[in-house]
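Spelled out from the first residue to the last, the chains are:
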Amino acid sequence: MHTHTFHSACSSVDMSPAAIIREAETQGIEYVGITDHIHKGTDPSFLGLLRADINSIETSCKVYLGCEADLPAVGESLVSPYVLANTDFIMVAANHFHHPAVVKPASASREDVARLFLDMFTYAVSLEYVDPLYVMPGSYNPLAPSLLTEKDLAPAIELAVKNQVAMEISRRALMPEQRPFLVWFYKLCKEAGVKFSIGSDGHRICDVGRTELVEPIVSELGLDDSDIWLPALRTAQHTAKPG
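One structure accompanies this document, and this report is about it. (Residues numbered from 1 in each chain as written. Predicted model: local features only at pLDDT ≥ 70, side-chain atom pairs only at ≥ 80, totals over all residues. Heavy atoms only, no water.)

So, on to the layout of surface pockets. Of the pockets and cavities examined, the largest pocket occupies roughly 420 Å³. Along the wall of the largest pocket there are 20 residues; nearest its centre are Met1, Ile29, Tyr31, Ile198 and Thr211. Here the residues of the lining of the largest pocket are counted per class, giving 10 nonpolar, 9 polar and 1 charged. The volume enclosed by the second largest pocket comes to roughly 200 Å³. Taken together, 12 residues line the second largest pocket, and the ones lying closest to its centre are Cys10, His37, His96, His98 and Arg172. Tallied by class, residues from the lining of the second largest pocket come to 3 nonpolar, 6 polar and 3 charged. (1 Å grid on protein atoms, 1.4 Å probe; cavity = no way out; pocket = protein on both sides within 12 Å on 5 of 7 lines; lining within 4 Å. Points joined across faces, edges and corners; volume = space filled by probe spheres on them. Nonpolar A, V, L, I, M, F, W, Y, C, P; charged D, E, K, R; others polar.)

Encoded structure:
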């Protein structure tokens, strides 16, 4: 449920919706989620083009159009009415601290990074339109979030349950040094009743459907179909203007 087309600058030029869907069909994948980046300054009108492109493709796959929207800072959202009206789901990246338009920790200390990680995570799960949340602690200091305790995280996790925000398990977030924190974090989420999204975070055709790093964690957490989040096609008319 996390694949980028060529509309994302970080993606390969051959990542067209048709190429992604054909690769998914070859692998026997049933669900495909298109999630191009919404950065500060991104013109969201590309979503309308993507929707038309996806609708023109005959496929047995269930294809959902989403986006991966940055949170520039606590209290600042890039998800406009147009974005909401032209997507089936909204994925939010709460800690893209490496991106130049996203707020930075007060310092590079583990304490300051952990504090901002928690603040941004808490804000992200407070947004009722968020579907899956992309948690990537290693985007600034991979060890910093390990300073957080269950008591620190519990209020935000409870808010995620209330607002039905799923947590994505993504292969690109599973760097060896941050795996212990993420497994512990996912266990807290599962115990609280949070659902999970499985993502390959594909930027190249060879990335489509790659979940081999995720599968051991899914097994360790004991996840089954009832724990997995899938989007529902929005029924709203796609008439809002870009903005």
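This brings us to the pattern of salt bridges. Under the defined criterion, the tally for this structure stands at 10 salt bridges. Note that arginine 115 and aspartate 112 form a salt bridge whose closest N and O atoms lie 2.6 Å from each other. With arginine 115 and aspartate 112 both in helix α4 (residues 110–126) and 3 residues apart, the pair spans about one turn of that helix. Taking the shortest distance from any N to any O, the salt bridge between arginine 210 and glutamate 212 comes out at 2.6 Å. The network of salt bridges with shared partners includes Arg204, Asp207, Arg210 and Glu212. (Salt bridge = Lys/Arg side-chain N within 4 Å of Asp/Glu carboxyl O. Helix = DSSP H or I, 4+ residues; strand = E, 2+ residues; numbered from the N terminus.)

Geometric descriptors of this kind do not, in isolation, establish any biological role.
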